[in-house]
Amino acid sequence: MRLRNADALKNYVDSMKRPKSLNANHYLTKSQVATAYAPLASSEQSIIDYLQSYGFHVTLTMSQHLVVGVQGTVSDPMVPSSLAGLIQNVSGLDNAVTFTHPPITKHSLSGQSTPNTQSSNAVTCLNAQHPLLPSEVATAYNCNGFYSAGFKGEGQTIALVEFDDYNLSDIKAYTGCYGGGSVPINKHLVDGGTGSGPSRGAFEVEMDMELILGMAPHLAGLNVYEAPNTEQGSNDMWAQIINNDAVPVISTSWSICEVDASNADLNFENGLFILAAAQGQTIFAASGDAGINACDPSSPNYGTISVNDPASQPYVTGVGGTTLTLTANNDYSSETVWHNDPQDATGGGLSSIWSQPSWQQGPGVNNSYSNGHREVPDVALNADWQYSGYLVYCTVAVSCPGSYPWWYGGGTSASAPLWAAMMALTNQKSLHDGGFNVGFINPLLYQTANGTSYSNDFHDVTTGNNDTIDSTGKYPATPNYDMTTGLGSFNAWNLGQDLAKLAVSQNPRSTPAATKWYFAEGSVGGSFQEYLTILNSSAQNATVQVQYLRIRQPGRCLTRSRPAVATRSTSMRTWVSRPAQRSRRSRLLLPPMFRWWPNARCTLTGRALCPAAPMCWERPTRPT
């Protein structure tokens, strides 16, 4: 369905990232979106009533009325003029267009000598330099700065857009070797999911998941969304992630050649991505692995210079690819444009649809190829599977044939999820410093690159091109921005600090996001042990009080003090135990982190067991 006041929403989003704007980082809540911009419930109902009058069955609605899914049979689909203005796009009438990940760029390690190994839960873990281990990626791109400062993704969630499935046992094998095993993995099936188990694209899904878990091993959650590989499945999945769930960081490694996509679908996506930016969400998309020849060989536009959607969308961060070289100590040495052979290269170039956004300015942007359209990509990261690939664990036979489970992986479909992981660490840093999730980062990236910290925050790539059509050298890498690697790859800790500073300076958080937290539990039987991790990110000492309200028993209250800028796990075992003769089991649903904001106060409801003070508290649910 069509957004209301779409132009006003776009103008609002564009103003949020202007320096000194009154709207800076004032993200909209779901209720604000519903009030001013989302389609009306009455409009949705009018469409539903009309479709049901023709025998259609409603299969999907969403909280902000952006999508109506129906199923039925019709020979000549028409809508009356009274409803046509409410509809942005109709998809699902055919399955002619599908989304692809770049051709799987992987290589099995079977038969190779791997002397540096260790074992974990019957899985042989590799310690060799090539392919790259998470620790080597962290060293090369300075993620260790985040880790040393105590940031490993706590409190952050990442969503993955996928059109295939995965083996959870593969993910557990990988995390058993390299960390991330404590992160809850949540599978969300949209329109029934893929309709089958892991298939030919499973390597892509598992690589996305494993790379994120390796870089951000303490995330609050990794949400994997799966949908049928159709325009309708894609639209519904994006709407689900953006409109219903508002996950702060999103990554997709799947794409469609821009010139193969319909204008209706591109515009519908664009509305969703503007909405995501308004809600403070960050979206990363792989720019593709076929250089300037972005269209699939089966497309009638194959051989036409093009870029990929959604990386070319103005409210998405397009991620290109590099070839990374390390020193003997795994430190960063250099990068060139990833272009291994005539058909293997980072995607990039000029959009044929979208005008150049106002924020896409700076050295290198206005070049001899510029034509006033959006330039892709915005940034890059290592994508060379052959010379500097990433280690991936995969046993799905149709996608990873053979008996050996370890593979090289690469492509820009590896670069995008790693940028998403870095963004989760940056959001955590920003919140720690009193700011917000950074949200739509493209304006901030170019703002940073145009300042004095460019060489400190980015690795500028100046060698190579991504020409995969006629060997004329289009598009070449140049100093500063170029249409092969964008602004370059990140120095994670340096860039993350500067992005967090920009987010905080534009609109610092002056009041608590909340002063009370409620967490439901099952009824408890016998003794149990529970831990609450309390982070005091302020410059003042903090006092936190935790209260349990118990069924037919007196409540318990505990006070804990935390010094400034400190994190500590507190055992609650000694004061929440119940009599051992009770046999019910506890089901704990606790997040890994509680935030306390200085000077917060709250008023207790019910019995006054604790004095008024900042607190997080729990109430067990009644047993059933």
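Let me begin by describing the structure that accompanies this report.

The rules we used
Residues numbered from 1 in each chain as written. Predicted model: local features only at pLDDT ≥ 70, side-chain atom pairs only at ≥ 80, totals over all residues. Heavy atoms only, no water. Helix = DSSP H or I, 4+ residues; strand = E, 2+ residues; numbered from the N terminus. Buried < 20%, exposed > 50% of the residue type's maximum accessible area, 1.4 Å probe, protein only. Contact = heavy atoms within 4.5 Å. Areas by Shrake-Rupley, 256 points an atom, 1.4 Å probe, with all protein chains shown as cover. Disulfide = S-S within 2.5 Å. Phe/Tyr/Trp six-rings, centres within 6.5 Å; stacked < 30°, edge-to-face > 60°. Lys NZ or Arg CZ within 6 Å of the ring centre and 35° of its normal. Core = buried A, V, L, I, M, F, W, Y, C linked by side-chain atoms within 4.5 Å.

### Some words on the overall build of the protein
Within the protein, the secondary structure is distributed over 16 helices and 30 strands. Within the protein, the proportion of its 624 residues that are buried is 56%. Look at the contacts in the protein between residues 6 or more apart in sequence, and 79% of them connect residues 24 or more apart. Working note: accessible area of the protein is about 24700 Å², and carbon and sulfur atoms make up 49% of it.

### Some remarks on the state of the cysteines
All told, the structure shown has three disulfides when counted by the stated rule. Between the sulfur of Cys125 and that of Cys177 lies a disulfide, 2.0 Å long from S to S. Between Cys125 and Cys177 the disulfide shows an S-S torsion of about -75°. By sign, it is left-handed. Of the two residues, Cys125 is situated in strand β5 (residues 123-126) and Cys177 in helix α7 (residues 168-178); the sequence distance between them amounts to 52 residues. In terms of burial, Cys125 and Cys177 fall into one category: buried.

### What about the packing of aromatic side chains?
For any two aromatic rings, the description comes down to two numbers: the centre-to-centre distance and the angle of the planes. Applying the stated criterion across every chain yields a total of 20 aromatic pairs. Taken together, the ring pairs in this structure connect Tyr141, Phe284, Tyr332, Trp419 and Phe490 into an aromatic cluster. Over the face of the ring belonging to Tyr147 we find Lys152, whose NZ or CZ atom lies 5.9 Å from the ring centre.

### Here's the deal with the nonpolar core
Core analysis: the biggest nonpolar cluster contains 119 residues, and Met215, Trp419 and Leu445 have the highest contact counts within it. Of the residues forming this core, the biggest block, ten residues, is contributed by helix α12 (residues 412-432). Excluding its chain neighbours within four sequence positions, the residues that come into contact with Met215 are Val137, Cys143, Tyr147, Leu418, Ala421, Met422, Leu425 and Phe490. Judged by nonpolar contacts, the second largest core, of eleven residues, contains Leu133, Cys177, Tyr178 and Tyr393.

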